[in-house]
Every structure is written in C-alpha cells, then in structure tokens.
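Structure at a glance
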Amino acid sequence: MAELIESVAGLQFYQLPLVAESLQQGIRLRWQRDPDNWSDCNATSLWLDRAEAVAWEILELIPANEPCETWQIGHIPRGLAADLAPLLDDGHGMDVFVHGGTKDGAWSLAVRLEGAAIDVVAPVRAARAADAQAEAAAVRAVEKLRNEINEGLDRVSRRFLGWDGVLVELEKSWTDHRGRPHRATDTAWTPRARQDWWTGEQVRRADEAMRAPRRAAATAAFQPIIDAEIARKEEARERRRQRAAERREAGRRAEAARLVARFNETGRSVAFSRGVEPYLPWLRRNDIEARGMNPEHCRIAAEGTTPYNTPLYLYLLEIDQERAAAGPKRKALRAADPDDMPIPW
C-alpha cells in the first residue's frame, strides 16, 4: 500500500532549488524524525543523500554541492506527519520515493510513501477522507434542499400573507466508517420569518448560547480571583465601619464627659443630643419613678428631646429642696366660656 503526497511541505525554505534539476522519479529520499522542531513535535524531514545521488549518477548535475553529504528537501505535511510520527517512533519502517514535480518553479515535489507505517496509516486516512466526503455531500444536499424550499416558501408567502411565519427544519443523516450516525441540519424560512429571526428573540438566544461557554470558562478561571477581591474589599469596608463606629463612640463619650463637667461646675442643667444620652450618668423620669421617688422633686441635670421631638429630662438621684417646697405644678383653670355651657333642653 502506498500514500502519495502531492507536494512536500517547506520546499522554499530548504535546498530543493539546488537539486531540483537532478531529481528523477524513483529516487529514494531519507526520512528523519525531528521531535525537537519548535513548530511541530511530529515533524519528519526528507533528505537526499550523497550515496543516492551517486547511485543514480546525478552527482555531476549538482557540482556546486559536491562537498555536501546530504541535502534537505522539506517535510512531510503536518496532518500526515501527525499520523506517522507515533508509528515511526515505535520502529515501523517507511520508504520515500520521488514521484514527480515541477522543475521550472522548484516549489512542487510529489513523493510516494511505502512501508509498514503506511500500511497502518493509509486505511485510517482513507476512511477519514471518506467521512469528510460524506459529510460534505450531506451538507451540500441540505443546502440544495434549503434553497429549493426557500424558493417555494417565497412564492407561497407572496400569495398567502398568512404564511409569513413558516419555518421548516431540514436534516440529512450520514454514517461514518465506524458505523456512527451523524446529522447535517439546516432551516428554511419564509421572508418574514427569516427577518423576524435575525431581528427577534431567537437572535438573542443564539448569541447567549454562543457566549455561555465562554462566560462559563471565564467564570471558572477568574471566579476565585473575583471572590478573593470581593472578600478583601468587604473586609476593608467592615474595618472602616468599625473604625467609624469607634470614633463616634469616643466622640460621644468625650461630649458626655464635657457635659458632666459643665454641670458639676455651674450647677445648671445642660442640653444634650440624642446620641450622647446613653453615655450620661443621669436617669430618665421612668427610672426615677421606678425607684419610688417623685420626678417633680428631683433635680434636672440635662434637657434634650426624644426621637419624636418631645422634651426629655434627665434627673439626679437627689431631692431638690426648692422644687419640693414649691410642690407639683398645676395647670391654671381658665374661665368658663358661655358657649361651652350645656343647652338646658
């Protein structure tokens, strides 16, 4: 079994122009694996050796290269090299012969491959080529059917306006060399349905379906970094909140201490704000009453307002003699208004 390569790869980069006029059909070329090739670890190069040139009596045709023992021609094409490399590395043999080429341009050279490695690779490549042809034939058949149906739908939609939303799903099945079924699919639309598809909700869904795998891959790659950054920012934000709360509390404690010092110095009640109240040592009215004392007899130390803007007084745990002697305050009685008198009947 043989494999024919229509054109060796990389001819323009090596020494083919020097020996192109000398190559004849049937000349054997030497192959050499090049696993350290920077662009392809499966690279397999082809060489013309001096011994082969002597055997074919073509050495005199290349006098400029008489000191050389070998000339590199090119490489086996990448796709075939990927199939051959494992077999060649495992010791399978292969023979390479010149099959033909263009001597004028020196950029085309056909070679024929034979040997045990080709016996293994050739059936696989033939089956792969057959699968590609079958798939291409199925796709062409579906495209042809789609065009025919689209033409029919265009004619029908022009006659019957109610057919503007027609959509036809097309499918063509084929089986590869391993017996596995495959499908080639397409759709046929009426002009209105085709327009709605390109401009409507289905475009958004198709775009979302295309972006979803990329978004999932990006999320899987970057989500740990994003989570760590969010946690770091949240921790910094919490530290700022704690420091702000500590500063507020320290300020209120300092303000409460100033109010206590002012009261102790002057003896007059002081005005306080809502936030300072919890840090003041004085009691509310209900606390005084709970201790069995009359708030009207106690001394007022601070005056403020509640959250509802009603007056709030803080008292000392001591009796104010002047307030106790004055007694509780009573509301003055107003004179009766004749209009408030009840009607006798």
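Presented here is an overview of the structure given in this document.

**Remarks on the side chain of His 75**
Looking at the element boundaries, His 75 is found in strand S4 (residues 70-75). The residues contacting His 75, other than those within four sequence positions of it, are Val 8, Ala 9, Tyr 14, Asp 34, Asn 37, Ala 43, Thr 44 and Ser 45.

**Side note on the pattern of salt bridges**
Applying the stated rule across the entire model yields 19 salt bridges. Here Arg 241 makes a salt bridge to Glu 234, at a shortest N to O gap of 3.4 Å. Owing to a relative accessible area of 40%, Arg 241 belongs among the partly exposed residues under this scheme. Across the salt bridge formed by Glu 255 and Arg 258, the nearest N and O atoms sit 2.5 Å from each other. Of the two residues, Glu 255 and Arg 258 both sit in helix H6 (residues 201-266), three residues apart, roughly one turn of that helix. Its relative accessible area of 27% is what places Glu 255 among the partly exposed residues. Classification of Arg 258 by relative accessible area gives partly exposed; the value is 47%. Salt bridges sharing common partners tie together Glu 3, Asp 83, Arg 125 and Arg 128.

**Focus on the environment of Asn 294**
Within the secondary structure layout, Asn 294 lies in the loop between helix H7 (285-290) and strand S10 (298-305). For Asn 294, a relative accessible area of 33% puts it in the partly exposed group.

**Comments concerning the pairing of S10**
As defined by bridge partners, strand S9 (residues 270-271) adjoins S10 across two bridges and the pair is classed as parallel. From the neighbouring strand, Val 270 faces S10, where its bridge partner is Ala 302. Sheet analysis places S10 next to strand S11 (residues 311-319), joined by six bridges and oriented antiparallel. In the strand pairing of S11, Cys 298 is matched with Ile 319. In this structure, the hairpin formed by S10 and S11 is closed by a connection of five residues, where Asn 309 is found at a positive phi of approximately 65°.

**A word on the pairing of strand S3 (residues 44-49)**
Each regular strand carries side chains that alternate between the two faces of the sheet. Of all six residues that make up S3, five are buried, and the element is covered over most of its length. Bridge count for strand S2 (residues 28-33) against S3 is four bridges, and the pairing is antiparallel. Looking at S3, one finds that Arg 30 is bridged to Trp 47. Two strands pair when backbone bridges link them, and S3 and S4 are joined in this way by five bridges, in the antiparallel orientation. Residue pairing across strands places Asp 49 opposite Thr 70, the latter belonging to S4.

**What to know about the environment of Leu 145**
On the secondary structure map, Leu 145 appears in helix H4 (residues 116-159). Given the relative accessible area of 38%, Leu 145 is considered partly exposed. Spatially, the C-alpha atoms of Leu 145 and Lys 172 are 9.8 Å apart, while their sequence positions differ by 27 residues.

**Points about the sheet that holds S10**
Across the sheet, which stays open at both edges, the three strands sit in the order S9-S10-S11 with mixed pairing between neighbours. Each edge of the open sheet is held by one strand with a lone partner, namely S9 and S11.

**A short note on unusual backbone geometry**
The residue Asn 309 is not glycine, and still its phi comes out positive at about 65°. Within the secondary structure layout, Asn 309 lies in the loop between S10 and S11.

**Things to note about helix H3 (residues 78-89)**
In a regular helix each residue adds 1.5 Å, so 12 residues correspond to 16 Å; H3 covers 16 Å between its end C-alpha atoms and thus fits that length. In the segment just after H3, Gly 91 is the residue with positive phi, at about 100°.

**Points about the nonpolar core**
Ranked by size, the top nonpolar core spans 31 residues in total, and within it Ile 76, Leu 84, Met 94, Leu 109, Val 111 and Leu 113 carry the most contacts. Of the residues forming this core, the biggest block, five residues, is contributed by H3. One finds Ala 256, Phe 272, Val 276 and Leu 314 within the second-largest nonpolar core, a separate group that totals 13 residues.

**Some words on a positive patch on the surface**
Where like charges cluster on the molecular surface, the positive patch consists of Arg 240, Arg 243, Arg 247, Arg 248 and Arg 252. Examined against the element boundaries, Arg 247 turns out to sit in helix H6.

**Structural notes on the side chain of Asp 40**
Mapped onto the fold, Asp 40 is located in the loop between S2 and S3. Residue class for Asp 40 comes out buried when judged on its relative accessible area of 14%. The residues touching Asp 40, leaving out its near neighbours within four places in the chain, are Asp 34 and Arg 78.

Procedures and definitions
- Residues numbered from 1 in each chain as written.
- Predicted model: local features only at pLDDT ≥ 70, side-chain atom pairs only at ≥ 80, totals over all residues.
- Heavy atoms only, no water.
- Helix = DSSP H or I, 4+ residues; strand = E, 2+ residues; numbered from the N terminus.
- Contact = heavy atoms within 4.5 Å.
- Salt bridge = Lys/Arg side-chain N within 4 Å of Asp/Glu carboxyl O.
- Buried < 20%, exposed > 50% of the residue type's maximum accessible area, 1.4 Å probe, protein only.
- Pairing = 2+ DSSP bridges.
- Expected span 1.5 Å × (residues − 1).
- Core = buried A, V, L, I, M, F, W, Y, C linked by side-chain atoms within 4.5 Å.
- Patch = residues over 30% accessible without salt bridge, like charges linked within 9 Å, V, L, I, M, F, W, Y side chains within 5 Å.
- Areas by Shrake-Rupley, 256 points an atom, 1.4 Å probe, with all protein chains shown as cover.
- Lys, Arg positive; Asp, Glu negative; His and termini not counted.
- Charge placed at Lys NZ, Arg CZ, Asp CG, Glu CD.

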